[in-house]
Amino acid sequence: MDSETEKRIEETVLEILRNSNMDEATEYMIRQSASEKLGLDLSYPPRKKFVRQVVNSYLTEQNAKAAAEHQQQQNDAEEEEEEDDDDDDEEDEDSDKKKRKAGDKEYDDEGDLIICRLSKSRRVTLTEFRGRTLVSIREYYSKGGKDLPTSKGISLTAEQWASFSKNVPAIEKAIKKMKSRLD
């Protein structure tokens, strides 16, 4: 499939996704709609696979954005409660907030989008690996002026991320329950 066709398919699929009810839309419905708009048979395996990649990438990005917003809200609430963080972490968080407020996107040394920094050495990134978009939650270390990932962490596919993010409220509830037992 030539790059011109890929570009047309991607633009059309993204437009359909942005205007769809994501609670009801299926990949099949998106592909059928794009097929009708473009006048192309998108059920042909290479095209079907490409549409699936575009849909998965879009969903992963949307889930990551929602998680980043949720994490930012949670971080803001925690910052109000805890004023005893060390100075380095406060400076990092302040610069991250300024970047988010300005709408700038931050990328790491490997070109991956940094969604948020959990601490000085931990971050959430959106990365591509073997053609798949992954949400990575990982520890990093500095070497030669570059931040490099360690093996300590996890990378989730779009489906795994969707399952995890759907269960965040239950996790938060369990944490509150555990905290109340300790108090």
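Above: the structure in question.
Residues numbered from 1 in each chain as written. Predicted model: local features only at pLDDT ≥ 70, side-chain atom pairs only at ≥ 80, totals over all residues. Heavy atoms only, no water.

## Considering the pairing of strand β3 (residues 122–129)
Here comes step 1: Pairing geometry for strand β2 (residues 113–117) and β3, over four bridges, is antiparallel. Considered in β3, the bridge of Arg 117 is made with Arg 123.
Here comes step 2: Hairpin connection, β2 to β3: the antiparallel pair is bridged by four residues.
Here comes step 3: The hairpin formed by β3 and strand β4 (residues 132–143) contains two residues between the paired strands, and Arg 130 there has a positive phi angle of roughly 50 degrees. (Pairing = 2+ DSSP bridges. Helix = DSSP H or I, 4+ residues; strand = E, 2+ residues; numbered from the N terminus.)

## Some details on the nonpolar core
Here comes step 1: Grouped together as the largest cluster of nonpolar side chains are 15 residues, with contacts concentrated most on Ile 9, Val 13, Leu 17, Ile 30, Leu 42, Val 51 and Val 55.
Here comes step 2: Listed by contribution, the elements that provide at least two residues to this core are α1 (3–18), α2 (27–38) and α3 (45–81).
Here comes step 3: Among residues more than four places away in sequence, those in contact with Leu 42 are Ile 9, Arg 31, Ala 34, Ser 35, Arg 47, Lys 48 and Val 51. (Core = buried A, V, L, I, M, F, W, Y, C linked by side-chain atoms within 4.5 Å. Buried < 20%, exposed > 50% of the residue type's maximum accessible area, 1.4 Å probe, protein only. Contact = heavy atoms within 4.5 Å.)

## A closer look at the packing of aromatic side chains
Here comes step 1: Throughout the structure, instances matching the rule amount to one aromatic pair.
Here comes step 2: Here Trp 161 and Phe 164 contribute two aromatic rings whose centre-to-centre distance is 5.5 Å and whose plane-to-plane angle is 40 degrees, an arrangement assigned as tilted. One end of the pair, Trp 161, and the other, Phe 164, are both in helix α5 (residues 158–166), three residues apart, so they sit about a helical turn from each other.
Here comes step 3: Of the residues examined, Phe 164 reaches a relative accessible area of 36% and is grouped as partly exposed.
Here comes step 4: In this structure, Arg 123 is placed above the aromatic ring of Tyr 140, and the distance from its NZ or CZ to the ring centre is 4.0 Å. (Phe/Tyr/Trp six-rings, centres within 6.5 Å; stacked < 30°, edge-to-face > 60°. Lys NZ or Arg CZ within 6 Å of the ring centre and 35° of its normal.)

## A word on α2
Here comes step 1: Relative to the 16 Å expected for 12 residues at 1.5 Å per residue, α2 spans 16 Å between its end C-alpha atoms, a close match to the ideal helical length.
Here comes step 2: By the burial criterion, the buried members of α2 are Ile 30, Arg 31, Ala 34, Ser 35 and Leu 38. Down the axis of α2, the buried set is contained in an arc of 135 degrees. They therefore lie on one face. Facing away from the buried surface of α2 by more than 90 degrees, the exposed residues are Tyr 28, Glu 36 and Lys 37.
Here comes step 3: Two residues or fewer after α2 comes Gly 39, characterised by a positive phi angle close to 70 degrees. (Expected span 1.5 Å × (residues − 1). Arc of directions from axis to C-beta.)

## A closer look at the environment of Ser 136
Here comes step 1: Position of Ser 136 relative to the elements: it lies in strand β4.
Here comes step 2: The buried category is assigned to Ser 136, whose relative accessible area is 6%.
Here comes step 3: When the C-alpha positions of Ser 136 and Ile 115 are compared, they lie 9.6 Å apart, and in sequence the two are 21 residues distant.
Here comes step 4: Excluding residues that lie within four positions of it along the chain, Ser 136 makes contacts with Arg 123, Val 124, Thr 125, Thr 127, Ile 154 and Ser 155.
Here comes step 5: A distance of 2.7 Å separates polar atoms of two side chains, one belonging to Ser 136 and the other to Ser 155. (Polar contact = N/O pair within 3.5 Å; in protein donor to acceptor, adjacent residues only side chain to side chain.)

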